[in-house]
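Notes for the structure review
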Amino acid sequence: MNSNNKLTRRDALVTGVALAASVSMSSTNYAESPKESGLIDAHSHIWGRDLEKFPLSNGKTLADLAPPSFTAEELLDTCQPLGIERVVLIQHSIYHGWDNRYLIHEAARMPDRFRVVGMVDDTQPHPDVLCEKLLADRVTGFRITSGIRGKDKWLTGPGMNAMWKMGAKTGQAMCCLINPDDLPAVSHMCQHHPDTNVVIDHFARVGIDGEIRESDLNQLCALAKYPHVHVKVSAYYALGKKKPPYLDLLPMIRRVVDAFGPERTMWASDAPYQVVDGHSYKASVELIRDHADFLSASDKEWLFRKTAEKVFFFV
C-alpha cells in the first residue's frame with residue numbers, strides 16, 4: 001500500500017466526527033461502546049497482578065510494581081470522567097520486556113477502546129514479519145528506544161531498517177522514547193524512510209532535568225520538515241518544574257504545535273505516572289483544555305482526538 005492510499009483510508013475513518021464541545025465529568029461504563037466524539041489518550045501504561053497468566057520480565061516481582069496495580073479498568077475509571085473514551089496502550093519493557101501479550105489481551109477484550117504500541121526485538125530474525133503479523137492484534141505502533149541498546153546502536157542494523165520499511169507499508173508508527181541527543185539519529189532515519197509514520201514521545205524528554213533548553217527544542221522542531229513525524233505533548237509530571245498546573249510548559253507546547261501543526265501533535269497522559277506523587281490526570285487534561293488559550297477549538301480537537309485517531313486507530 002502506498003502512502004497516499006494509506007492517508008486516504010485513514011482520513012475517511014475520521015471524517016465528520018466532532019470533538020465534544022466540553023469535557024464531560026460523568027463516567028460511563030467501560031463495557032459500553034465508546035463515544036466517537038470522546039477524547040483519546042495517546043499514551044498510557046497498564047499492568048495487572050496475575051503473574052501466572054502474564055509473568056513479569058527482567059526478574060521483576062509483584063513488589064516492584066509501582067503503583068501496585070493499574071489495570072485497564074482502573075485506567076478507564078480514571079480517564080472516562082474527563083471525557084477520554086479511547087486509549088493507546090504502550091508496552092512497558094520495564095515490566096513486560098518484549099512480551100506484548102498482556103496489552104494485546106486487553107485490546108482484544110475491549111477492541112473499541114484500545115490500540116497497542118508494542119515492542120519487537122529488532123536483533124532477532126525477521127522483525128518486520130512479526131510487525132506485520134501483529135497488526136491483526138491491533139498493534140498499530142512500536143516503541144523503540146535508545147534506553148535498551150544505547151544511543152550508538154538503537155537505530156542501527158538490518159532489523160531496525162526492516163521495521164521502518166514495513167511501517168511505511170502497514171501504517172504502523174515507530175514511536176521513539178528518546179532524549180534530545182537522540183534526535184539527530186531519528187532525523188537520519190526519517191531521511192531514509194520518508195513514508196514511515198514516526199511519533200516522538202514526551203517532547204523527546206526536553207526539560208526532564210528541569211531546564212527547557214532552546215537548543216533541544218530547536219532539534220525537536222527541526223523534525224517538522226518530515227511530514228510523517230508527530231509529537232506527543234505529554235508526561236507533564238516529568239518535565240520543567242514538574243508541578244501542576246504545569247503552566248511553565250505552555251511555551252514549549254506552543255512552539256511544538258506551531259512547528260508541527262495540530263494535525264501532527266497529540267495529547268497524552270503517560271498514566272499511571274501522571275496520577276501519582278501529587279499529580280493528577282485532571283491537571284494533564286486541563287493544561288490543554290483550559291490553559292492553552294493559543295489553541296483554537298479545532299486545534300484542541302486534533303490534539304485531543306483526531307491526530308491519535310489517524311495515527312493509531314486506523315484498523
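Throughout, a residue's number is its position along its own chain's written sequence, starting from 1. Only residues with pLDDT of 70 or above have their local features reported here, since the model is predicted, and side-chain atom pairs are shown and tallied only from 80 upward, although totals for entire chains, interfaces and linings are computed over all residues. Remark: hydrogens and water are excluded; side-chain values derive from all non-hydrogen atoms of the structure.

Below, the discussion takes up the overall build of the protein. A helix here means a DSSP run of H or I that spans at least four residues, while a strand means a run of E at least two residues long, and both kinds are numbered starting from the N terminus. Within the protein, the secondary structure is distributed over twelve helices and eight strands. For the radius of gyration, the atoms used are the C-alpha atoms, and the globule rule reads 2.2 Å times the number of residues raised to 0.38. Against the 2.2 N^0.38 benchmark of 20 Å for 315 residues, the protein shows a C-alpha radius of gyration of 18 Å, consistent with a compact globule. Burial classification: accessible surface area is computed with a 1.4 Å probe over protein chains only, and a residue below 20% of its type maximum counts as buried, one above 50% as exposed, and the rest as partly exposed. Looking at the protein residue by residue over its 315 residues, the buried ones come to 57%. A fraction of 79% describes how many contacts in the protein between residues 6 or more apart in sequence connect residues 24 or more apart. Only the protein chains shown count as cover for residues, and all accessible areas are computed by the Shrake-Rupley method using a 1.4 Å probe. As presented, the protein carries roughly 12900 Å² of accessible surface, and 52% of it is formed by carbon and sulfur atoms. Any two residues whose heavy atoms approach within 4.5 Å are treated as being in contact.

With that settled, the discussion passes to the sheet that holds strand β2 (residues 84-90). Pairing between the strands of a sheet is mediated by backbone hydrogen bonds and can be parallel or antiparallel. Strand pairing is defined by DSSP finding a minimum of two bridges between the two strands. With parallel pairing, the eight strands of this open sheet are ordered in space as β1-β2-β3-β4-β5-β6-β7-β8. Two strands bound the open sheet, and with one partner strand each, they are β1 (39-44) and β8 (265-267). In this sheet, neighbouring strand axes are inclined to one another by 25 degrees on average, regardless of whether the strands run parallel or antiparallel. Bridge count for β1 against β2 is four bridges, and the pairing is parallel. Across the sheet, the residue bridging to Ser-44 is Leu-89, located in β2. Convention adopted: a line fitted to C-alpha atoms gives each axis, helices being fitted over their contacting stretch, and angles between N-to-C directions are expressed from 0 to 180 degrees.

Right, let's get into the nonpolar core. Within the largest apolar cluster, 77 residues are counted, with the highest numbers of intra-cluster contacts made by Val-186, Ile-200, Phe-203 and Tyr-236. Ranked by residue count, the leading element in this core is helix α10 (residues 250-260), at six residues. Not counting chain neighbours up to four residues away, the residues in contact with Tyr-236 comprise Phe-203, Lys-242, Tyr-246, Leu-249, Ile-253, Trp-267, Gln-274, Ser-284, Leu-287 and Ile-288. Throughout this description, the term nonpolar core refers to a set of buried Ala, Val, Leu, Ile, Met, Phe, Trp, Tyr and Cys residues connected via side-chain atoms within 4.5 Å.

Geometric descriptors of this kind do not, in isolation, establish any biological role.
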